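Here are the chains, one letter per residue:
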Amino acid sequence: MNIKERIELAGKGLLGILDSEQKFMPTVIGFNVAHDLGRWWDAILRLEEASDFIIPAEIEAASLKNLKRLTDNSYCLLTSRTDLPWLSDEVKKRATIHPHNYRETFIAYKALISRRKNKWAHKSALKLAESMNSIMQEDGSLDFTTMKSLVKNVPFTKDPMFLEQKLSSGWFDACGTSGRALEALIWLYEETNDMPFLHLASRIADLHYRNTINPNGNIREEIISPENPGHNHSYHGTLRGLLLFGLLTGQKKYINAVANTYFKSIRNKIVRESGWAPHDLGAHRCLNDKKDYLADPASAGDSAQLALWLALRAGYYELLDDVERLVRARLLPSQLTEKDIEKNPEQKFNEKELGSWGIHGYPHSEKGCTPDVHAAVAHTLCDIQNNIITENAIGLRINLHFDYENKDIIIKSERKQKANITVVIKRLSNIMIRIPAWTPEESVNILIDDKKYPLQKLETFALISSENLKIGSKIKLSFALPKKITKESMEFGEVYTLKWRGDEIIGITPQDAPLPFYPELKII
């Protein structure tokens, strides 16, 4: 199980969404070109950091020109244009001015500041933050008046999901505008120490603490009201931003509220145990032919990342089990691989879709490329790859059981009838290896250089002292993979039966088509 190989495959797909005949714009039909370009920059530079992936120089240069073209307005906001003669009519037809793109623009700028030390991006990010701050009203809503004429001959969006429309109660959903942008502002502040980013982040965090979440963790009824055209990915993005704001400022009320929300409202509810997550929250907008929500692996990825941060930065180490389960049960099975293309010639996939993720119509099947979803899942997996191991005052901590190698350690993970993790020591240190809560403790076996070693636990980790190790030592840890059967009911009435081995799904019935994520489960 090698995440690095999967994110490098995702990198090929990210290059594939760029059209060389349209000056390398991301013209695969997605949300819109401007939105997808911002996501592309964030994902591709994260991928470069987390793996050996190299961005071709010609493509990087063209993509930077495109970013400058699409932010050439008084806000410095990514906005599609209709005056570029080489763009197809189909792409121009989808052009809109969109407040949803604040986050995409901020993350593109942040990526360039971090990875390329780009001064133009830094200056533009400050200008965008100042313009957003200037249209944020006392109640926290955005005044779109000046934005509506931001780019000549480009209409302002009519999509109610991102217009902060007030419900009959007077409440409005700002997750799709300011909430989803919060985490990017925090990253920009951490990178630059520029106060305009922190000032705007503080205003947005205050709004969403009051307006979007309940401190006790119960989901606000307005979020899931049939009146509200809610967006799951934006809601998750808002939660992520609130958590990061709490961690940055030391305000525990934010951390506690997000943790409570994760445990009470997200875990195994909005995002099911299998990793199924709806694209919409509230109003039924994006539906399949059975009148149920389309599924969004980006929201499953958001949930995995939220669990990762709660575990490693807020001490909820048990949530590392959730992270690995979501990767093994949903994020990797839903990626389009070479094997999928070879086995399903009737689907007529474009080779450029290889390595991608997309919105899928059925809960546990269908693969392809939705550019912003593809970039979002790649973003999540890069973060997870970078945190397979971490180090603290005690020693090296193996958080997740995926293949990994750096200057300190080599990890090999195998899943057959039981889990086998082999760790090769390249630098002496105390070693901690996560023991999943779902495996019987009596099944855990540890060998150091083929000699049995007693299990000593620290939190959810097996602790192995450096006194028992030498350079080149091999630690072999194994544990049982209990099997279980679960059922997940969909809103339209279908009930899926899932067979698990540990944290992986090894069978499902009924099995949807095309391109099911799991083998068919035959129940006699």
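One structure accompanies this document, and this report is about it. (Residues numbered from 1 in each chain as written. Predicted model: local features only at pLDDT ≥ 70, side-chain atom pairs only at ≥ 80, totals over all residues. Heavy atoms only, no water.)

Now for the overall build of the protein chain. For the protein chain, the count of helices and strands is 14 helices and 18 strands. In terms of overall dimensions, the protein chain is globule-like: its C-alpha atoms have a radius of gyration of 23 Å, near the 24 Å expected for 524 residues. Overall size of the protein chain, expressed as C-alpha extent along the three principal axes, is 70 × 55 × 50 Å. Taking all 524 residues of the protein chain together, 62% fall into the buried category. Considering only residue pairs separated by 6 or more positions, the protein chain has 67% of its internal contacts joining residues 24 or more positions apart. Accessible surface, the protein chain as shown: approximately 20600 Å² in total, 49% of it carbon and sulfur. (Helix = DSSP H or I, 4+ residues; strand = E, 2+ residues; numbered from the N terminus. Rg over C-alpha atoms; globule rule 2.2 N^0.38 Å. Buried < 20%, exposed > 50% of the residue type's maximum accessible area, 1.4 Å probe, protein only. Contact = heavy atoms within 4.5 Å. Areas by Shrake-Rupley, 256 points an atom, 1.4 Å probe, with all protein chains shown as cover.)

Right, let's get into unusual backbone geometry. Negative phi values dominate among residues other than glycine, just as trans dominates among peptide bonds. For the peptide bond that leads from T509 to P510, omega is -5°, which places it in the cis range. Tracing the backbone through its elements, the reader meets P510 in the segment after β18 (504-509). A cis amide bond links A513 with the next residue in sequence, P514, at an omega value of 0°. With respect to the element layout, P514 can be found in the segment after β18.

Moving on: the pairing of β18. Bridging between strand β17 (residues 495-501) and β18 involves five bridges; their strand directions are antiparallel. In the sheet register, L498 faces β18, and the bridge partner there is I508. (Pairing = 2+ DSSP bridges.)

Structural measurements only, silent on function.
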